[in-house]
Amino acid sequence: MTSDARESIVRRALGADFEKLHPELRKRHAFASADGVYSVGTGVMDRIWTGSIIFRPFLLIGSMRNIMFPESGENVPFRIECWAYRDRFDRETISLNRSYGLRRARRFDEYVVDVPDSPSLIIYVGSHQHLAVDIAVSSSERGGIEFRTGRQRLMLGPFRLPFPLFASAEAVVHEWYDEEAAEFRIDGRVRNRLFGDVFGAVGRFQASVEAIPAEGVPARIRPVREEARW
């Protein structure tokens, strides 16, 4: 991949398949850091759930870094913000900042980065980008977009630790536009191949594209630290 502030990460990843997306999806994913706009969506998660109790300690730890969380619920207020910007390593980046109005407010932050020399896009997970994951982007039959994770590496201090397949979890997020309801639909699931569901959320939202304020991308959107390794 090659970073380019003039073309959106999603458009470049999909190539000609970008035109297969519903027009509302194309509008939501067509901007890059040079365009001076961001996307904001608000809606409801119809259902949020977690899997086996064995994952609870990991979800609790992850929640401290805006990586999933152990709560579940129905009809949960939801907000998603997507901001395109250049990170401190001058890489084209798009944020996925999700907020959930549970009894205790929760966030789930991810950053899709076009890393030079990487054969795929990289998604850094959480507020401190300690987890780097390969991510594939594809179009779906209903004119939607799908994000699917691959290899995972944990960045701890000087160490770069690959996750063995049996210990890692695959995340699949499918977003599409429901013309009848005039709203976006989202279905995200994180699943371990041995123990089943880790985390899942399905819901709906309305979205708009807005101008970035004069002061630029807010500090609350950017991660606390940015990771160079992948």
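Remember, it's a predicted structure, so these values are computed and weren't measured experimentally.

Q: Please clarify how the nonpolar core should be interpreted in this entry.
A: Within soluble globular proteins, side chains that are nonpolar generally end up buried alongside one another. In terms of nonpolar packing, the biggest core is built from 44 residues, with Met45, Ile48, Met68, Tyr100, Ile145, Val198 and Phe199 touching the most fellow members. A per-element tally of this core places strand 2 (residues 73-86) first, with five residues. Counting residues in hydrophobic clusters, the runner-up holds 13 residues, among them Val40, Trp83, Ile122 and Tyr124.

Q: Any chance you could explain the pairing of strand 10 (residues 183-192) here in plain terms?
A: Remark: a regular strand shows side chains that alternate across the two faces of the sheet. Counting buried positions along strand 10 gives seven out of 10 residues, so the element sits mostly inside the fold. With 10 bridges joining them, strand 9 (residues 169-178) and strand 10 adopt antiparallel strand pairing. If you follow histidine 174 over to strand 10, its bridge partner there is aspartate 187. The loop that links strand 9 with its antiparallel partner strand 10 comprises four residues; one of these, alanine 182, has a positive phi angle of about 55°. Across nine bridges, the pairing between strand 10 and strand 11 (residues 196-211) is antiparallel. Note on strand 11: the bridge partner recorded for aspartate 187 is valine 202. Hairpin connection between strand 10 and strand 11: a loop of three residues separates the two successive antiparallel strands.

Q: Which parts of the structure should I look at to understand the packing of aromatic side chains?
A: Two measures describe an aromatic ring pair: the distance that separates the ring centres and the angle between the ring planes. For the coordinates displayed, the defined rule picks out nine aromatic pairs. Geometrically, the ring pair formed by phenylalanine 108 and phenylalanine 199 is edge-to-face, given 6.2 Å between the ring centres and 85° between the ring planes. Of this pair, phenylalanine 108 sits in strand 4 (residues 106-113) while phenylalanine 199 sits in strand 11, and the two are 91 residues apart along the sequence. Both rings, one in tyrosine 177 and one in phenylalanine 184, keep their centres 5.0 Å apart while their planes meet at 70°; by these two values the pair is edge-to-face. Judged on exposure class, the residue tyrosine 177 and its partner phenylalanine 184 are both buried. For arginine 28, the ring lying beneath its charged end belongs to phenylalanine 184, and the centroid distance is 5.6 Å.

Q: When you look at the pairing of strand 8 (residues 159-162) in this model, what are you seeing that I'm missing?
A: Bridging between strand 7 (residues 145-156) and strand 8 involves four bridges; their strand directions are antiparallel. The residue of strand 8 that forms the bridge with arginine 153 is proline 162. Two successive antiparallel strands, strand 7 and strand 8, enclose a turn made up of two residues, where glycine 157 displays a positive phi of approximately 55°.

Conventions and cut-offs
- Residues numbered from 1 in each chain as written.
- Predicted model: local features only at pLDDT ≥ 70, side-chain atom pairs only at ≥ 80, totals over all residues.
- Heavy atoms only, no water.
- Core = buried A, V, L, I, M, F, W, Y, C linked by side-chain atoms within 4.5 Å.
- Buried < 20%, exposed > 50% of the residue type's maximum accessible area, 1.4 Å probe, protein only.
- Helix = DSSP H or I, 4+ residues; strand = E, 2+ residues; numbered from the N terminus.
- Pairing = 2+ DSSP bridges.
- Phe/Tyr/Trp six-rings, centres within 6.5 Å; stacked < 30°, edge-to-face > 60°.
- Lys NZ or Arg CZ within 6 Å of the ring centre and 35° of its normal.

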